[in-house]
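Analysis of the macromolecular model
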Amino acid sequence: MISDLLSATVIIGIISSGIRLTTPYLFASIGEMFGQRSGVLNLGVEGQMLLGSFVAFYVTLKTSNLWLGLLAAMGVGALMGLAMAFVTVNLHATQGISGIGFYLFGMGMSNLLFQKLVGTVEGVRGFQKISVPLLGKIPVIGEIFFNHNALVYLAFLLVPVAWFVLNKTTLGLKIRAVGENPEAADSLGVSVAGIRYLTVIMGGVFSGIAGASLSVALLNVFQQNMTAGQGFIAVALVYFGSWKPFGILGGALLFSMVNALQLWIQVLGIPIPAELAVMMPYILTLLVLTLSVSKGRGPSALTKVFEREG
Amino acid sequence: MKKVFTLVSVLLVVAMFLGACAQTPEAESPATGGETSEPLRIAVVSPSSINDLAFTQSISDALIVLKAEMGDDLEYAFTENMFVVDDAAAAIRDYATKGYDIVIAHGSQYGSSVQEIAPDFPETVFAWGTTVDTFGLPNVHAYEAASDQGGYVNGVMAGMLTKSKIIGVVGPIETGDAKLYVDGFVAGVKSVDPSIDVRVTYIGSFSDVALAAEAATTHIAAGADILTGSAQMVVGAIGKAEEAGLYWFGTQANQNAFAPKTVVASQVYHWEVILREIISLHAAGIMGGHTFSATLQNGGQVITINPEIELSEEIKTKVEEVIAGINDGSIVIPKP
Amino acid sequence: MPPKQATSDLRLKDRAGSIFDQLMPIFATLAALLVGAIFLMLLGANPLVAYGALAQGAFGSFNAFTETLVKAVPLLLVGLGTCIAYRGSVTNIGGEGQMIIGAILSTWFGLTFTELPGWLAIIIAMLLGIIGGMIWGGIPGILKAYFNVNEILSTVMMNAIAVQVMNYLMRGPMIDPVQREAASQIPQTARLLETYRLPRLSPTRLHMGLLIAILLAVAVYFLLWRTTLGYRIRAVGQSQPASKYGGIDVKKHIVVALLLSGAFAGLAGMMQVYGVNYRMITDGSATGFTGNAGFNGIVAALFGQLHPLITIPASVLFGGLLVGANAMQRVVQVPSALITALNGLVVVFVVSSEFFRRRSQKRRQSQFGTELAEPEDAEMQQEAGEA
């Protein structure tokens, strides 16, 4: 039975499912990473994703324009990011908890708006699969990697872009400085508040896209609470990836592939209790991180309040 | 600044008190003399969302039907998302205290709460589902759905429609209604052809739509050409079936409209059939002690076939046969 | 240091200001409700009626008040654990999972060993609840201290794992034998023996757990500010390098902080079973069992300014808000999603209001030369001066 897992269909299935499942995590987690790198912990990603998910769905439903829907999701995410930034930077709110407040608010609002504006579950026409020319035709590899919808490609492209921005641009330098030693950065003329506003709003935008990737790309529907905790996993993955984009990619892929694997285990009838299979991605992620030797220390100023003296 | 704060807060608190006082007279609205008797008041407490296209929606739909029938003679209140048993208990007790005639606890996890609360309110009818235990209390009804019946019929259709002889099931958690439906479904499939492989996956969540979709994708990649499943997250799975041009069988609510070319049939619960009985018993002064089952026979569950999908005469006849067989008892659905 | 102004006038102003500051969370809550009123009106509900229902539902009658208290118990317990964790500079968002495991362990015991006298069974059950929570909190603790695994990651994962463990046990080995036979297959355990249940203040649902929780709050206060262990936990929370320099085993105390906060959550889980439902039941999610107490308890602790004694009234008030909100839903029939959104608004507003409270405190401090509000800061300063 276990040997069934080694067939080509299964492996192809696991990897391509894994890639799809990774998409929302990549967006949300990298967005969160920028925020955390500048010193802000946002536990409200789930709320931002849910609102983004609904807005993308609703706008697409009403205007039949996917990109408009995506834009709307980004806007909503930005708004929530703005609120979070204000509460964190100006009001010095305890970050872990303010995030939970935004999570509850986002969840409540998305469900409320869904009930009042849409009413019953219905489908939209979401982003369709795009086959990359030439590459998409390669047997096996093409099927796995080059036959996804636009947002999946964008998510993976985001990783090297984020890496570049963080490590090779002045902006990235400023972000890291603010997260490591805000006092020093401040004395050098970097606006700590400005950078944090930027990263947190950016994080909100990406969470919005992550939510949209669920409702109008991977799926074509909005259902209440459809993120089912993915926002929290996304935050957790930032730690897994040691605040580095490629580390996050690794974590998201690991988690999603194992999730895809456990589905196949169930489908093939391998006699493991369903709950054990469902547990696998979580246990493995924890195990891998525990055993890995190189763990980042994390931005020193993470969750610490910064107040300008004088 | 402080003064403003204090002033505003004081105003708010005063407003709340006023609001609280304003309520009590409202609750005692006198029956307008000369008119027909007061409307029947029903309250429903349910664990998920009112539009989950599944469990809770089904009871909500039932009340909408009743309201349309009874018009002003019926007044109802609905409290959804009571997945915390505690909160549900408070809700049930509250509705009873407010004098609702019938309180419906639409969730199998509410049993202990009903058992505790019912004796305190002998004038209130309590109905809870999905189960058959009335605790021997005079004012408690119990109702359930013989979901395995609908599952069986769906299974028969699926068995006849499948070409690859592989069928996939996407479930949330292996309990309750979901399990009953699945068991019936599998039995139905096997009755057509025991060699058909029915694969069941439980994704461990009621809300993870993306995971349900991937489960469906996995089934399809593994060769399934017919899918079914239960709970609110299956909309993702249905979407994938639609994309792949395959068939889906629905349960709990009418999912036909959601994917008109994909959903062959849905087992729809019509709880109003049971509710009507409870209401007439109440009118006759009987407060409880009965158990009801939503079956194919009494119309409590209906297999709604999607008119947009062409089914062969052979299948249609078989479905009628099977339903008749279940109704007259000649077909007994085996337990796993 | 400005000389102490002994004029009674100033003293009064200072007192009034101090009380005003302590009540800041309440003002913030009211502000959030004000915003909520806008939504209520958009939904066609009368905010006055709605909030009147909220107030009534929370505190309007004896029955309502006891419901509030019942709701407050797990909030208080988780809140106490949060106080310890936060002061140890650890973020424990694993309360949900720790409640579940604590409940599982104690329920299993109560159903398996049925020959004991009630009082003994309850005590053992409490211990098992604590142990269960400690295990589930201790694992992230050890992972953080010795493997540098961030506790936010580990607690999120542990929460998810706990849910699956619960689902498996509730529908499998621990299912009520009655259910196994029945068609309905509800994933719940059998009921606990009558004697094994926490005594209640009949006919309400208020159970002895409240008293136990209050006693524990006092105990936590003593722990944090009157024992060496508590001092060390707080020291590590303030500054790890400084503590190490002072000879404190940082790693050990990180683990201890998580162990203790897990213990409280585990006890909260046990109380839900032994005091409220008398059985364990799942609907497949964590919230179905915990009612979000794992998160709301954190909020309650914040309302209580992370001080164990203040967390008591904070939990009652927050519990009242939650209970009242549900009552409000029943009266004005708004979608429950609005309640969730309101919950979120309240949290955000209260968390933000800390800013105003601290600023106001500082102002008063420089004006009146008053003592710092938090006793331990003075101690810390003293000890830091001595070091």
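The preceding data block contains the structure.
A few points on the structure. All values derive from a computational prediction rather than experimental measurement.

A count of helical and extended segments in chain C gives 17 helices and zero strands. Radius of gyration (C-alpha) of chain C: 22 Å, near the 21 Å computed for a compact globule of 387 residues. For chain C, the C-alpha atoms occupy an extent of roughly 80 × 60 × 35 Å along the three principal directions. Going through the 387 residues of chain C one by one, you find that 63% of them count as buried. Relative to all contacts within chain C whose residues are 6 or more apart in sequence, the contacts with residues 24 or more apart total 77%. Just so you have it, chain C exposes about 14800 Å², and 65% of that area is on carbon and sulfur atoms.

Of regular secondary structure, chain B possesses ten helices and twelve strands. Relative to its full complement of 336 residues, chain B shows a buried share of 61%. Counted over contacts in chain B with a minimum sequence separation of 6, partners at least 24 positions apart contribute 67%. Split by element, the accessible area of chain B, about 12600 Å² in all, is 58% carbon and sulfur.

Time to look at the interface of chain B and chain A. In this complex, chain B contributes 32 residues to the contact, which on the side of chain A involves 30 residues. The largest share of the area that chain B buries against chain A comes from Asn51, Glu214 and Thr218 of chain B, three residues that together contribute 23% of it. Inspection of the region where chain B meets chain A yields one salt bridge. Residue Glu214 of chain B pairs with Arg20 of chain A through a salt bridge whose shortest N-O separation is 2.9 Å. The interface formed by chain B and chain A includes seven residue pairs in polar contact (both at pLDDT 80 or more). Within the residue set of the side of chain B that touches chain A, elements represented by two or more residues are strand S7 (197–202), helix H7 (209–221) and helix H8 (234–244) of chain B. Considering each element in turn, the side of chain B that touches chain A owes the most residues, ten residues, to H7 of chain B.

Another point: helix H10 (residues 230–240) of chain A. Along an α-helix, residues three or four apart share an orientation, since each turn contains 3.6 residues. All names here are of chain A. Counting buried residues along H10, eleven of its eleven residues qualify, which places the element largely inside the surrounding structure. Inspection of H10 places Gln230, Gly231, Phe232, Ile233, Ala234, Val235, Ala236, Leu237, Val238, Tyr239 and Phe240 among the buried residues, and these make up the whole buried set. Note on H10: the residue one or two positions beyond its end, Ser242, has a positive phi of about 50°.

With 236 residues, the main nonpolar core has Ile100, Leu153, Tyr274, Met280 and Met328 of chain C as its most contacted residues. Residue contributions to this core peak at 16 residues, all from helix H12 (residues 250–277) of chain C. If sequence neighbours within four positions are ignored, Leu153 of chain C has contacts with Ala236, Tyr239, Phe240, Leu286 and Leu289 of chain A. One finds Val182, Ile226, Ile309 and Ile333 of chain B within the second-largest nonpolar core, a separate group that totals 30 residues.

Taken together, the contact pairs 44 residues of chain A with 42 residues of chain C. Interface of chain A and chain C: buried area, both sides summed, is about 3800 Å²; carbon and sulfur atoms make up 81% of it. For the chain A face of the interface with chain C, the top three residues by lost area are Ile97, Glu275 and Leu286 of chain A, together amounting to 17%. Across the chain A-chain C interface, the total number found is one salt bridge. Taken together, the links from chain A to chain C amount to one residue pair in polar contact (both at pLDDT 80 or more). Breaking the side of chain A that touches chain C down by element, the ones donating at least two residues are helix H3 (66–90), helix H4 (95–118), H10 and helix H12 (274–291) of chain A. With 15 residues, the single largest contributor to the side of chain A that touches chain C is H4 of chain A. A breakdown of the residues in the side of chain A that touches chain C according to their chemical character gives 28 nonpolar, twelve polar and four charged.

Here we come to a nonpolar patch on the surface. Residue and element names in this part refer to chain A. A cluster of nonpolar side chains, contributed by Leu134, Leu135, Ile138, Val140, Ile141 and Phe145, occupies part of the molecular surface with about 540 Å² of accessible area. Looking at the element boundaries, Phe145 is found in helix H5 (residues 141–145). The exposure class of Phe145 is partly exposed, given its relative accessible area of 37%.

Let's shift gears to the packing of aromatic side chains. All told, the structure shown has 25 aromatic pairs over all chains when counted by the stated rule. Geometrically, the ring pair formed by Phe355 of chain C and Phe356 of chain C is edge-to-face, given 5.4 Å between the ring centres and 75° between the ring planes. Judged by relative accessible area, which is 28%, Phe356 of chain C ranks as partly exposed. The structure contains a cluster of three or more aromatic residues connected by ring pairs, namely Phe54, Phe57, Tyr58, Phe114 and Phe222 of chain A. Directly above the aromatic system of Tyr100 of chain B lies the positively charged group of Arg41 of chain B, at a separation of 4.2 Å from the ring centroid.

A word on the sheet that holds strand S5 (residues 140–145) of chain B. All names here are of chain B. Reading across from one edge, S2-S1-S3-S4-S5-S11 is the order of the six strands in this open sheet, with parallel pairing throughout. The open sheet has two edge strands with one neighbour each: strand S2 (74–79) and strand S11 (291–294). Looking at each pair of strands side by side, their axes are set apart by 20° on average, direction ignored. Here S5 runs beside S11; their pairing, made up of four bridges, is parallel. Among the inter-strand pairings, Ala145 is bridged to a residue of S11, identified as Ala294.

If you trace the backbone, Glu115 of chain C turns up in the loop between helix H5 (95–112) and helix H6 (118–147). Taking the relative accessible area as the measure of exposure, Glu115 of chain C reaches 72% and is therefore exposed.

This part covers unusual backbone geometry. Here Asn225 of chain A, not a glycine, exhibits a phi torsion of approximately 55°, which is positive. Within the secondary structure, Asn225 of chain A is located in the loop between helix H9 (192–218) and H10. You will see that Asn81 of chain B, though not glycine, has its phi angle at about 55°, which is positive. Topologically, Asn81 of chain B is positioned in the loop between S2 and helix H3 (85–97).

Below, the discussion takes up the sheet that holds strand S12 (residues 301–305) of chain B. Residue and element names in this part refer to chain B. The sheet built from six strands is open, its strands ordered S7-S6-S8-S9-S10-S12 with mixed pairing. Single-partner strands in this sheet number two, and they are S7 and S12. Taken over all neighbouring pairs, the strand axes of this sheet differ in orientation by 15° on average, direction set aside. Pairing geometry for strand S8 (residues 226–229) and strand S9 (residues 247–252), over three bridges, is parallel. The residue bridging Thr228 from the neighbouring strand is Phe249, located in S9. Each of strand S6 (166–171), S7, S8, S9 and strand S10 (263–269) is contacted by helix H6 (residues 176–192), which is oriented at about 170° to S7, the strand it contacts most.

Attention now moves to the pattern of salt bridges. Here the structure, examined in full by the defined rule, presents 17 salt bridges over all chains. Salt-bridge contacts for Glu275 of chain A lead to Arg171 of chain C; the nearest nitrogen and oxygen are separated by 2.7 Å. Here the residue Glu275 of chain A occupies a position in helix H12, and Arg171 of chain C occupies one in helix H7 (residues 151–171), the pair thus bridging two chains. In this structure Glu275 of chain A comes out as buried when scored by relative accessible area, which is 4%. The network of salt bridges with common partners includes Asp94 and Lys98 of chain B together with Arg330 of chain C.

All names here are of chain C. Its location among the elements puts Gly94 in the loop between helix H4 (62–87) and H5. Owing to a relative accessible area of 2%, Gly94 belongs among the buried residues under this scheme. Setting aside residues up to four positions removed in sequence, Gly94 forms contacts with Thr155 and Asn159.

So, how was this worked out
Residues numbered from 1 in each chain as written. Chains lettered and ligands numbered in written order. Predicted model: local features only at pLDDT ≥ 70, side-chain atom pairs only at ≥ 80, totals over all residues. Heavy atoms only, no water. Helix = DSSP H or I, 4+ residues; strand = E, 2+ residues; numbered from the N terminus. Rg over C-alpha atoms; globule rule 2.2 N^0.38 Å. Buried < 20%, exposed > 50% of the residue type's maximum accessible area, 1.4 Å probe, protein only. Contact = heavy atoms within 4.5 Å. Areas by Shrake-Rupley, 256 points an atom, 1.4 Å probe, with all protein chains shown as cover. Buried area = accessible area lost by both parts, 1.4 Å probe. Salt bridge = Lys/Arg side-chain N within 4 Å of Asp/Glu carboxyl O. Polar contact = N/O pair within 3.5 Å; in protein donor to acceptor, adjacent residues only side chain to side chain. Core = buried A, V, L, I, M, F, W, Y, C linked by side-chain atoms within 4.5 Å. Nonpolar A, V, L, I, M, F, W, Y, C, P; charged D, E, K, R; others polar. Patch = residues over 30% accessible without salt bridge, like charges linked within 9 Å, V, L, I, M, F, W, Y side chains within 5 Å. Phe/Tyr/Trp six-rings, centres within 6.5 Å; stacked < 30°, edge-to-face > 60°. Lys NZ or Arg CZ within 6 Å of the ring centre and 35° of its normal. Pairing = 2+ DSSP bridges. Axes fitted to C-alpha atoms, helices over the stretch in contact; angles between N-to-C directions.

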